[in-house]
Structures are given as C-alpha cells and as structure tokens.
Amino acid sequence: MTEDIEVQETDILEEDPELVLADRRSSLVSTLKGVPFFIASPFARRTRSGVSWIRRNLSRIRVFFGDPATNTLNWVSQTRARVVGGARKTRRELDAITSIQLIAVIGIFTLFLILPLLSVAAWAFTSTSGEFTLDYFLGLFGDQRIWPFIINESGGIDVFLDFNGGAYNSSLNALALWGWDFGAILNSLYVAVIVTAGAVVLGVFFAFIMAKYDFFGKRIIRTVLIFPILAIPFVGAIGIKEFLKLDGFFNKLFYETLHILPSAIVLQGLAAMIFVQTFSLFSLVYLNAYSSFMSIDPSLEEQAENLGATGFKLFRTVTLPLAMPGIQAGAILTFILSIEDLGSPIVFQDHPTARNTLSFRIFDAVATQAGVVGATGPAIGIVLLIFALVGFMAIRKYTSLRSYESGTKGGQWNPRTRRLSNRAQVLLYCVLIPVLFLALIPQISVLMIALAGSWPQGSLLPETWTLSNFEVLYAFPDVARSINLTIYYGIAATVLIVLLGVSAAYIIARKDIPGKSILDLLVTAPIALPGIVIATGYFTLFYNTPIFPIGHPAFLIMMSYTVRKFPFTVRAAYAGLMSSPVVLEEASQNVGASKNRTFLKITLPLIGVSVLAGSLLSFVYSVSEVSTSLLLGSVGHSEAPLTYWTSRVLEMIGQWGGPTSAACLGVLLMCIQWVVITLTNKILGARSAAMTGI
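Quick notes on the rules
- Residues numbered from 1 in each chain as written.
- Predicted model: local features only at pLDDT ≥ 70, side-chain atom pairs only at ≥ 80, totals over all residues.
- Heavy atoms only, no water.
- Helix = DSSP H or I, 4+ residues; strand = E, 2+ residues; numbered from the N terminus.
- Buried < 20%, exposed > 50% of the residue type's maximum accessible area, 1.4 Å probe, protein only.
- Contact = heavy atoms within 4.5 Å.
- Phe/Tyr/Trp six-rings, centres within 6.5 Å; stacked < 30°, edge-to-face > 60°.
- Salt bridge = Lys/Arg side-chain N within 4 Å of Asp/Glu carboxyl O.
- Expected span 1.5 Å × (residues − 1).
- Pairing = 2+ DSSP bridges.
- Axes fitted to C-alpha atoms, helices over the stretch in contact; angles between N-to-C directions.
- Patch = residues over 30% accessible without salt bridge, like charges linked within 9 Å, V, L, I, M, F, W, Y side chains within 5 Å.
- Areas by Shrake-Rupley, 256 points an atom, 1.4 Å probe, with all protein chains shown as cover.
- Arc of directions from axis to C-beta.
- Parallel < 35°, antiparallel > 145°, perpendicular 65-115°, else oblique.
- Left-handed = near helix turned anticlockwise from the far one by under 90°.
- Nonpolar A, V, L, I, M, F, W, Y, C, P; charged D, E, K, R; others polar.
- Core = buried A, V, L, I, M, F, W, Y, C linked by side-chain atoms within 4.5 Å.

As for the environment of F315
Next, step 1: Tracing the backbone shows F315 in helix α13 (residues 311–340).
Next, step 2: Of the residues examined, F315 reaches a relative accessible area of 18% and is grouped as buried.
Next, step 3: What F315 contacts, discounting residues up to four positions off in sequence, is V204, F208, F293, L320 and P321.

Structural data, given as structure tokens:
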C-alpha cells in the first residue's frame, strides 16, 4: 500500500513538474513571506475604502451644487418621507407599554450617561468666564507628570522618560520592580498593553484546553478559572500587596524556604499593577474565547483535517481565525478595564509611579469632600474617554448582541473533544497548577490575611487563625451601615435593570424599528465606558442639585449601578430571545392573545432562566463596583457603599483599620460573588460570554 502511494505521488510530480509537495521548511518560508502582506492588507483595504468614500461624497456635492434649490427640496421631501414612514413603522411595531418602556430606557441613558459625558467635555473645554478654550486640555501636555515630551521656551522638546524601573538591594538580596515612568498617559497605555498581552496568552490557552479536551477534574478547573474575574482588582491588590512584599508569603515560600528564586522579589507601583490586573482580567479573554471555541462548527475543522491540516497548523489556520472575534473582543475589553482601573493605583499609591496613571489623576482631582471639581480632572477624563470609545468601537466591529444569533443554531454547542492520556493529564496539571496558583493569589492572600491571628515576621504562615477579625463587619458602625446600603443599592439597581433591560432586549431582538442599531449601541456602551468619567460627569452636571444634594449621593450611586451594569441583563435576555422560537409567539397571537399577554405568558417564561442569570450578574457586579462608588462616596460618607469603606479602612489606623480589616470586607464581597457567579455560570452554560457583558 505504501509503495502504491509513493508511485502515485511520483506520477503526479511527473505530470505537473510545478506541483511540489510542501514540507515544514517551505511552509515556514511561505508564512514569513506573507507577514508583510498580512500587516499591510488591512491598511490597504481601509485606504481604498476611504478613497472610495471621498469620491462618492465629492460626486454627491457636485450633483447638489449643480441645482441646489431643486436638490434641497428633494432632500427635504425624502427626509420627511423617511421620518413619516419610520414613525408609522414604529407605531405599528410598538404597543403602548413597550413604547413607555423604550422611552424610559432612552430617558435614563440620556440623563445618566450621555448628558454627564457631555458635561465632562463641556467642563474641560470651558473657561471660568464661560468661553470655549483648549487651555485646560492642551495644558495636560505641558505637565511632565501627564505627558513626557514638553516643549520648552526655546522651542525644543524636553524629554522626561524615566527608564529606572527597578533596583537591587545587595544587603537584603532583594530585587524591587516598579516599572518605567513615562507620564500618566503613556504609563496607562503601556500597562494596559502588557496586561492585555498577558491576558490573551493565558485566556486563549485555558479556553482552548477547556473547549477541546476532556480530562480528570475539568469541571473543577473550569469553575476555578472564573474566580479571578470575581476578585475586583481593588480587593485583589490588597492581598497581593501583602503577599508579595519583602517578608510576604511569596518570598518566604519560594526564596527562603524552597530556594527557587535567586533573590527576593518585591513588586511596587506599575509593576504590581500589571501583575494584579493580568491575573484578575485574563478571565475576560477566557470566557469570550471559550464561548467562541464552543461556537465553531466541528465540520469546518473536519474538512480542514481531510485536506491535511493537523495539529498546530489546524489551530493556526482554522480554529484560531474562527474564534478570533471573541478573543479580540475580550482583549479590547481587558485593555479598556485595565486603563480605567482605579483600585490598583489606590492600593499601590505609596509608590509615585502608581499615582502617575490617568484614573488616579482623575480621582485625585475630583474626589474631595467639598465636591469642588477643577478643570484638570475633566480634561484627563476626556483623554481616558477617547481611549475607551476607540476600544468600544473596535469591540463593535467584531462582536455585538447579534453574535448569539449564529451561536444558537445548528448544534454548534457540541464541539469535538479529545480525551487526554494519563501522561498528558499529568503534564497538563504541571502547567495548570502553577498558573492557577498565581491567578488565585488575590483570593488566597485576602482570605489568609482576613483569618490570620498572630503572624510573626519570620513565619511562613500565621501561628494562629481567628474569626475575630470579622468583627469589623458589625462593630464599626459606618462599615455595618455600608453593607446594608450596598445590598439595597444593588437590589434597587437590579430591579430597574430587569424592568428596562428585558424590554430593550425584546425590542432589539423582535421589533423592526428605525434606529434599533442605535439602541443596541446605547445599552451596550456602558460596559466599556470609564466609570470614573461618568461619576465625574455627575459632579459637573448634578452636584448641589435636588438629584445630587451636598452629602447625599445615594440616588446617583444607585443610578450609576443601573446604567453601568445594564449590559449584563440585556445580553443574557437577548441570548434567551434568540434561542426561543418566534413561531411560538406568533401562534399565541394567531389564537387571539394580545402582544402584552403573549409577552407575559409565552416570551417571559421562555427567557426566564436567561433573565435570572443576567439579573444575578448585574447585582453581583453592582455591589462590587469601584470607581463610581469611590468617587461619589467621597462626598457622602454616611451613604457610601462597601467598596468605598474598604478603601477607607485600608488607609485607617487603629483597631478597625489596616489590611486585615480591609481583607475581611474583601472576603465578604468575594463570597457574594462566588456564590452568584457560580450559579450564573451553571445557568448560562456555554453562553458564558454574556458574563463579560460585551
């Protein structure tokens, strides 16, 4: 048989001398040659489309000015016809209740999202005399703490780039790393880029293993992989700071006890932020990549294998490109959340590089007890908002609510899986266990600190364990009150989200009305918009008004939770609607049921599980919200939520202050998150991308 195959190959080569069997070397050379084309082709396509767009519009302008009077009348007539037709179509599609809900959604998002962001922009570009000015915005680029390239008086450029990112102490045999200091803008950018790169590597690796292989303990590993996303970076940073300090658990174990490390390693400033964010946010990439891998049609991979693609070539040429939209969406969201993270800079602010980030500069400029907002905070907020909007539009390019439409048909939730051999399972766990240990350091460290009794300086573990530290939850009145307020804010926001989010998802999925894509954009945008910029807008727009009385931020805290956590319920509800046959609703209406009765008796029960999962997600992410809680809580301590008091307790001294008490509050938050997210993951199953809200 082998000889026959060799003869056939020889015959083929003789018939067509140009046909040569590919080998690994030629494949590698071909791939390297194609890299420049791969890089240049997107730019070429965009250039061609841009030139085509300019030509079309120039042609339209030329036609318009050929007979402006007639063309103006035609344009007005066409516009009026479109408006009238759209109004009739909307009136036909929407009933009274749905119309009220749609108006409520648009009204709330306009009042508590769009107008605050516009207010930040107006504040940043308005002088004290009320005139338009660029001085505040351009002034950022004259501050070396914000931008390192400063134009001096002689017209030259002074460069303030500090490449001293670490130091070695020979007497202690310790290496301290804090990262380069390039000013707030570049610091935030390069931290976000490094975090995103690390998150993509970890997230795609774990997602591929979980989606394509079966092995012992897979369900446990899959559940554990969700935990990093539960520890908000603010709480995780508290544990990591204590865990990775010079005499912390990490150095005691790997340097002093096991002698694996050649010297002690201390992470500070930006370096510590990179570590915290990478292992806290890689689950975002994992969840979206896992959902994408699970959505791949197995027949496509089978066809590629029949054509000779196996192993890494199959992954590189077929599997990875098909999963790329989800991976890219998760990566971009990781970039956005990293660049807007406020918790990590606050925890590591004892080093100046951590204070040189965009989010901390905004917080430092806005968060005052008097509620006084200068121009610097909003101006920096505009820079942060620009980065977020660019990232969000990139997400919209690769994924949207409609991504579920193709993911719920054709049995795509049953991908091919391979059973690993015992030897392969051992090798896999040799990789998984160290990485998971690093990923779970925030949870492990916070739990250990909260339960530690006596912990001598030279000891690897505490000598005693105690629950008495948790007395801070009820013995400190402000903290006890904040726990109740946090639950109240979360429940109130979740109720509003469910009432309005289900209606918004139903309109997007079932109604054909003009502007539906804009509604889609509006209700999904908050997940990618910086909360600290939105909270800044509340100060510039509402402070010292009936909506935001001095010292009473409760209402706006609740509304910020409603707006910012809206996408989770909408995404989950939309997923349920797209997997529910519309013919059932049509059959109900055909036998005489009204649209409202059909929605209540047919549609809502069908999507009830998805709505429940989405509402649980909205609640758990509301109670752990950081940026808006810290900023709004700073002007009303009596109404501040739990995350604000976690920050305050960390900075306090005395019986109820310090890392131990802050860790106890973090454990409470994580327990709530663990229970709710585990339940939600069980409900959503393979549709776990909805857990990221994108």
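Digging into unusual backbone geometry
Next, step 1: With a phi close to 55°, H259 is a non-glycine residue in the positive phi region.
Next, step 2: The residue H259 is located in the loop between α10 (249–257) and β6 (264–267) in this model.
Next, step 3: Residue H259 is classed as exposed on the basis of its relative accessible area of 59%.
Next, step 4: Unlike most non-glycine residues, N544 shows phi in positive territory, near 60°.
Next, step 5: Note that N544 resides in the loop between α24 (531–542) and α25 (554–564).

Considerations on the packing of aromatic side chains
Next, step 1: All chains considered together, the criterion is met by 32 aromatic pairs.
Next, step 2: A connected cluster of aromatic rings, assembled from ring pairs, spans F125, F132, F137, F141, W147 and F149.

Section: the pattern of salt bridges
Next, step 1: Taken as a whole and assessed by the stated rule, the structure comprises seven salt bridges.
Next, step 2: One salt bridge connects D143 with R145, and the closest N-O pair in it is separated by 3.1 Å.
Next, step 3: Residue R145 is classed as partly exposed on the basis of its relative accessible area, which comes to 44%.
Next, step 4: Across the pair E625 and R564 runs a salt bridge, and its minimum N-O distance is 2.7 Å. Residue E625 is found in the loop between α28 (595–623) and α29 (627–633), and its partner R564 is found in helix α25; the two are separated by 61 residues along the sequence. For the residue pair E625 and R564, the accessibility class agrees, reading buried in each case.
Next, step 5: What emerges from the salt-bridge pattern is a single network uniting E340, R564, K565 and E625.

Structural notes on helix α26 (residues 566–578)
Next, step 1: The end-to-end C-alpha distance of α26, which contains 13 residues, comes to 19 Å, matching closely the 18 Å that a straight helix rising 1.5 Å per residue would cover.
Next, step 2: A large share of α26 lies buried, amounting to 13 of its 13 residues.

Quick look at the sheet that holds β6
Next, step 1: Judged by pairing direction, the sheet is mixed, and its three strands sit side by side in the order β3-β4-β6 without closing on themselves. A single partner strand is all that each edge strand has here, and the edge strands are β3 (166–169) and β6. Taking the axes of each pair of neighbouring strands and ignoring which way they run, one obtains an average angle of 15° across the sheet.
Next, step 2: When strand β4 (residues 174–177) meets β6, the two strands line up parallel, connected through four bridges. Note that in β6 the partner of L177 across the bridge is L267.

Things to note about the side chain of S338
Next, step 1: Looking at the element boundaries, S338 is found in helix α13.
Next, step 2: In this structure S338 touches V191, A192, V195, Q277 and L281, once residues within four positions along its chain are discounted.

Points about a nonpolar patch on the surface
Next, step 1: Taken together, L111, I114, L115, L118 and L541 make up a surface patch of nonpolar side chains, about 370 Å² in accessible area.
Next, step 2: With four residues, helix α4 (residues 96–124) is the single largest residue contributor to the nonpolar patch.
Next, step 3: Topologically, L118 is positioned in helix α4.
Next, step 4: Judged by relative accessible area, which is 52%, L118 ranks as exposed.

Overview of the environment of V120
Next, step 1: Its place among the elements puts V120 in helix α4.
Next, step 2: Given a relative accessible area of 1%, V120 falls into the buried group.
Next, step 3: Residues in contact with V120, not counting those within four places in the same chain, are P378, I382, V533, T536, G537 and T540.

Overview of helix α12 (residues 298–306)
Because the α-helix completes a turn every 3.6 residues, residues three or four places apart line up on one side.
Next, step 1: For α12, every residue scored as buried is listed here: P298, E301 and A304. For α12, the angular spread of buried residues about the axis comes to 125°, placing them on one side.
Next, step 2: In this fold, the buried residues of α12 make contact with α6 (184–212) and α13.

What to know about the packing of α4 against helix α23 (residues 516–524)
Next, step 1: Between α4 and α23, the least distance of the axes is 11 Å, while the angle of their chain directions is 50°. Between α4 and α23, the angle falls in the class oblique. In terms of crossing hand, the pair formed by α4 and α23 is left-handed. Contacts between α4 and α23 involve L102, V105, F109, L113 and I114 from the first element and L519, L522 and V523 from the second.
Next, step 2: Considering only residue class, the contact of α4 with α23 consists of eight nonpolar, no polar and no charged.

Topic: the packing of helix α16 (residues 358–366) against α24
Next, step 1: Close contact between α16 and α24 brings their axes to 10 Å; oriented N to C, the two are set at 20°. Considering the angle they form, α16 stands roughly parallel to α24. Regarding α16 and α24, the two cross each other, and that crossing is left-handed. Of the residues in α24, those touching α16 at S359, I362, F363 and V366 are I532, V533, T536 and F539.

Re the nonpolar core
Next, step 1: Residues F206, F215, F293, F348 and V523 are the most contacted members of the largest nonpolar core, which totals 180 residues.
Next, step 2: For this core, the element with the highest residue contribution is helix α11 (residues 269–295), accounting for 18 residues.

A word on the pairing of β4
Next, step 1: Alternating positions in β4 separate cleanly, A174 and A176 being buried on one face and L175 and L177 remaining unburied on the opposite face.
Next, step 2: Inspection of the sheet shows β3 paired to β4 by four bridges, in the antiparallel sense. Within β4, the position partnered with N169 by the bridge is A174.
Next, step 3: Where β3 folds back onto β4 in an antiparallel hairpin, the turn is made up of four residues, including N173, whose phi is positive at roughly 50°.

These figures capture arrangement, not role.
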